[in-house]
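Residue strings, one per chain:
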Amino acid sequence: MANVCVIGAGYVGLVSGACLAELGHSVTCLEIDSKRLSSLQSAEVPFHEPGLSELVERHSRAERLRFTSEYSQAIPQAEYAFIAVNTPQGAEGRADTGFVFAAVRSVLEHATDMLVLVTKSTVPVGTGDEIAHLAEEQGRFPIAVVSNPEFLREGTAVHDFLHPDRVVVGASDTWAGAAVAELYAGLDAPVVTTTRRAAELAKYTANAFLAARISFMNEISSVCDAVGVDVEDVARIVGSDPRIGPAFLRAGLGWGGSCFPKDVQALAVTAATHGCRTPILEGVFRQNVRQRERAAEMLLASVGHLPDPTIGVLGLAFKPGTDDLREAPALAVAARLLEAGVRVRAHDPVAVPNAREIAPDIHYCADAYEAVTDCDAVLLATEWPEYLGLDWARARSLMRGAVILDGRNVLDARLLRTLGVTYLSFGRSETVNDCGNGHEPSDDPEAQPLATTQLPPAYPVPQPRGYRSEVSV
Ligand code: NAD
Ligand code: UGA
C-alpha cells in the first residue's frame, strides 16, 4: 500500500483521495481553501456527491484519509503526489494552468526524497513535459511525471472512479507508469499505458467528442421540429447501431458543467496554437450556445406578450445528482428571461443555496409545486427524478398558464397534452415547426447550414500559427 498525497480536494481530488483510501492506500488530501478544509477536517463533504460522505467518514475514522493545508506536512511522507487542482478557463478560452504550476512548485519545494508526480487535472498537451522540465531544473530529488487523466462524471463520481472503463497512464519512465498503474490494482479495469502527451490529448478529445455527440443530436432536434419527427425515435434508431452506441444522444437544453465548455474551448485553442483549424469544435460550441437561445426564445414567444410574465424553472444544477452550477444551462436561460423582464421562480433539490449566491434575482421556492404556482410557463431544465414523478395534474392546476418546455425531453408529452398543456420540447413536436434558427422554415436544403454559419463567433479563437487563410494570397 502506498502513501499518496492528493493536492486539491474538489470534485476530482476528494473523490480520488477517498477512493484511493478505499483501495487501501494511505491518503493525505491537501487543500488550500480554508472553508473547504475545515469542513473536511470534520469529515463533512462541502458539496453534493452521492456516496462520497460515507467514504470520507469511514476512511477518516480509520485514519487512512487525512486533510491538511500544509505542504511541509504532506509532501515529505508522500511517494505519489496527485495534482487535482482546478484548471479553469483562462484568457481567450485557453486552459489556465496557474493553479497546477503553483501546486507543482510547492511540491518541488517540499520534496525530501524521490517522488512520482501525477497530473489528474485536465491539462493541455505538453503540460506534463513542462512540469518534468521544471522538476529537472528545480527539483533536488528525482521526480517522475505521469499523466493519469480522470474520466469520472459528477453525480456518479464515486461509482465511476471505482468502476472505470479504463485507467489511462501516460509516462515516459516505464517504472513510474507501472507504479501508478499498480495503485489501481484493486480495480477491475484495463490499464491503457501510453505517452504523457497522448494521455493529455485523449482526455480533451473524450470530452469534446461527448459534447459533439450531444450538439449533433441537438442540431438534428431542430430538423426534427422542422419536419415533424420525434428526435427520441431517431436517437433510438441510430444509437442501436453498435458503431454509434446509445449514450450521449439525448437532445435538450445542451451541455454545461465545469468541464465540457472549458475543455472544448481549450482544445480549440491548443489546436490553433499548433497551426490546426478546428471548425467542428467551433460548431460544437456554437450549437450549444444556440440551444440555450432557442429555449429562451421559445419561452419568451409564449409569455412575452402577457402582463407580468412569470416562468418557473425546475432544476438549476447542470445535471441531476450534483449541486454544481458551473455553466449550468438553467442559469443561462434564467438570466436571459430576467433580462427580458420576466419574473423567474425556481426550485432545485440541492443547488438552491449555491444558486442564491450567484443569481439573487431569481425567486427560490421550497418545492417544485411552489415553483410552478402562478407561472405562465415552466421550463424543466434538469431531469431530477423527483420532477419526472411530479403530479403534473396538480402542477398544471397551480399554474396560471399552460406552457411547459421540456428542456430534457423526459416528460410524458401525451399525458401533458391531455391535461391541456402546450408541450414544447427540443425535437419532440407533433407538428411541423420552425426549425428553431429564428428563420422561416424553408425547402431550400442549404437554408439550415447557412443560418447556422451566420451566427457570430461564440468565443474568440486565436488565428492559427502558420495557417494560411483562404482569402489571403
Ligand atoms: P474544483 O474547483 O472542484 O477543485 C479544485 C480544488 O483545488 C479546490 O478546492 C481548490 O481550492 C484547490 N486548489 C487550488 N490550488 C491549490 C493548491 N495550490 N494547493 C492545494 N489545493 C489547491 O475542481 P474539480 O472539478 O475537482 O476539477 C479539478 C480538475 O479535474 C480540473 O482540471 C478538471 O478539468 C478535472 N476534471 C474534473 C471533473 C469533474 O467532474 N469535476 C472530471 C474529470 C476531470
Ligand atoms: C463529463 C464527462 O462525462 C466525464 O467523463 C468527464 O470526466 C467530465 O465531464 C470532466 O472532465 O469534467 P460531467 O460534466 O460530470 O462529466 O457530466 P455529463 O454526464 O457528461 O454531462 C455533461 C452535460 O451534458 C450535462 O449538462 C448534461 O445534461 C448534458 N448531456 C449529457 C446532454 O445534454 N445529453 C446527453 O445525452 C448527455
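Please read all numbers here as calculations on a predicted model, not as lab measurements. (Residues numbered from 1 in each chain as written. Chains lettered and ligands numbered in written order. Predicted model: local features only at pLDDT ≥ 70, side-chain atom pairs only at ≥ 80, totals over all residues. Heavy atoms only, no water.)

**As for the overall build of the chain**
Each helix and strand counted, the chain has 19 helices and 14 strands in total. Computed over C-alpha atoms, the radius of gyration of the chain comes to 24 Å, within 12% of the 23 Å expected from 2.2 N^0.38 for 473 residues, which places it in the range of a compact globule. Considering only C-alpha atoms, the chain reaches an extent of 70 × 65 × 40 Å along its principal axes. Put simply, 74% of the contacts in the chain that link residues at least 6 apart link residues at least 24 apart. Working note: accessible area of the chain is about 21,400 Å², and carbon and sulfur atoms make up 54% of it. (Helix = DSSP H or I, 4+ residues; strand = E, 2+ residues; numbered from the N terminus. Rg over C-alpha atoms; globule rule 2.2 N^0.38 Å. Contact = heavy atoms within 4.5 Å. Areas by Shrake-Rupley, 256 points an atom, 1.4 Å probe, with all protein chains shown as cover.)

**Re the packing of helix α5 (residues 98-110) against helix α6 (residues 127-138)**
As a packed pair, α5 and α6 sit with axes 11 Å apart at the nearest point and diverge in direction by 30°. Relative to α6, α5 is oriented roughly parallel. Read as a crossing pair, α5 and α6 show a hand that is right-handed. Facing Val-100, Phe-101, Val-104, Arg-105 and Leu-108 of α5, the residues of α6 in contact are Thr-127, Glu-130, Ile-131, Leu-134, Ala-135 and Gln-138. Of the residues in the contact of α5 with α6, the class split is seven nonpolar, two polar and two charged. (Axes fitted to C-alpha atoms, helices over the stretch in contact; angles between N-to-C directions. Parallel < 35°, antiparallel > 145°, perpendicular 65-115°, else oblique. Left-handed = near helix turned anticlockwise from the far one by under 90°. Nonpolar A, V, L, I, M, F, W, Y, C, P; charged D, E, K, R; others polar.)

**Some details on the pairing of strand β9 (residues 310-314)**
The two faces of a sheet get side chains in turn, since along a regular strand they alternate between them. By the criterion of burial, β9 is predominantly enclosed, with five of the five residues buried. Here β9 shows no split at all, with Thr-310, Gly-312 and Leu-314 on one side and Ile-311 and Val-313 on the other all buried. Of the strand pairs in this sheet, β9 and strand β10 (residues 343-347) are connected by five bridges, and their pairing is parallel. Across the sheet, the residue bridging to Thr-310 is Arg-343, located in β10. In this fold, the crossover linking β9 to β10 by way of helix α13 (residues 329-339) has right-handed handedness. As paired strands, β9 and strand β12 (residues 377-380) are joined by four bridges and run parallel to one another. The partner of Gly-312 across the bridge, within β12, is Val-378. (Buried < 20%, exposed > 50% of the residue type's maximum accessible area, 1.4 Å probe, protein only. Pairing = 2+ DSSP bridges. Right-handed = clockwise from strand over helix to strand, strands pointing away.)

**Focus: the nonpolar core**
Formed by 55 residues in total, the largest nonpolar core has its most connected members in Leu-314 and Leu-316. Leu-316 has contacts with Leu-325, Ala-328, Ala-330, Leu-331, Ala-346, His-347, Asp-348, Val-352, Ala-355, Tyr-364 and Thr-382, leaving out every residue within four places of it along the chain. Counting residues in each nonpolar core, the second largest holds 46 residues, with Val-15, Val-146, Ala-157 and Ala-189 among its members. (Core = buried A, V, L, I, M, F, W, Y, C linked by side-chain atoms within 4.5 Å.)

**Structural notes on unusual backbone geometry**
Peptide bonds are, in most cases, trans, and in most cases residues other than glycine have a negative phi. A positive phi angle is found at Ala-43, which is not glycine, with a value near 60°. Inspection of the secondary structure assignment puts Ala-43 in the loop between α2 (34-41) and α3 (52-61). For Asp-374, which is not a glycine, the phi torsion comes out positive at approximately 65°. Residue position: Asp-374 is located in the loop between α15 (368-372) and β12. Residue classification places Asp-374 among the partly exposed residues on the basis of a relative accessible area of 46%.

**Some details on the sheet that holds strand β4 (residues 80-83)**
One open sheet holds the eight strands; their spatial order is β3-β2-β1-β4-β5-β6-β7-β8, and the pairing between them is mixed. Pairing within the sheet leaves two strands with one partner each, and these edge strands are β3 (65-68) and β8 (191-194). Neighbouring strand axes in the sheet, compared pairwise and without regard to direction, differ in orientation by 25° on average. Relative to strand β7 (residues 167-171), strand β6 (residues 143-147) runs antiparallel, the two sharing two bridges. For Val-146, the partnering residue across the bridge sits in β7 and is Ala-171. Sheet strands in contact with α5 are β1 (3-7), β4, β5 (115-119) and β6, and its direction is about 165° off that of β4.

**A short note on the site of ligand 2**
As a matter of local geometry, ligand 2 sits amid 20 residues, with Phe-151, Leu-152, Glu-154, Lys-203 and Cys-259 nearest to it. At 2.8 Å from an oxygen atom of ligand 2 is found a main-chain nitrogen or oxygen belonging to Phe-151. In this structure, an oxygen atom belonging to ligand 2 sits 2.7 Å away from a main-chain N or O atom of Glu-154. Taken by itself ligand 2 offers 700 Å² of open surface, and the protein chains cover 93% of this. Top contributing element to the shell around ligand 2 by residue count: helix α9 (residues 196-227), with four residues. (Near = heavy atom within 4 Å. Polar contact = N/O pair within 3.5 Å; in protein donor to acceptor, adjacent residues only side chain to side chain.)

**Focus on the site of ligand 1**
Neighbouring ligand 1 are 27 residues; Glu-31, Arg-36, Tyr-71, Thr-87 and Lys-262 lie closest to it. Those elements that provide at least two residues to the shell around ligand 1 are α1 (11-22) and α5. Taken together, the residues of the shell around ligand 1 break down into 12 nonpolar, seven polar and eight charged.

**Looking at a nonpolar patch on the surface**
Among the surface-exposed residues, Val-223, Val-227 and Val-229 lie close enough to one another that they form a single nonpolar patch of about 200 Å² accessible area. Checked against the element boundaries, Val-227 lands in helix α9. (Patch = residues over 30% accessible without salt bridge, like charges linked within 9 Å, V, L, I, M, F, W, Y side chains within 5 Å. Salt bridge = Lys/Arg side-chain N within 4 Å of Asp/Glu carboxyl O.)

**Observations concerning the environment of Val-85**
Turning to its location among the elements, Val-85 is positioned in the loop between β4 and α5. Judged by relative accessible area, Val-85 falls into the buried class, the value being 14%. Sequence separation between Val-85 and Thr-122 is 37 residues; the distance between their C-alpha atoms is 9.1 Å. Other than its neighbours up to four places away in sequence, Val-85 contacts Ile-7, Gly-8, Phe-99, Val-100, Ala-103 and Ser-121.

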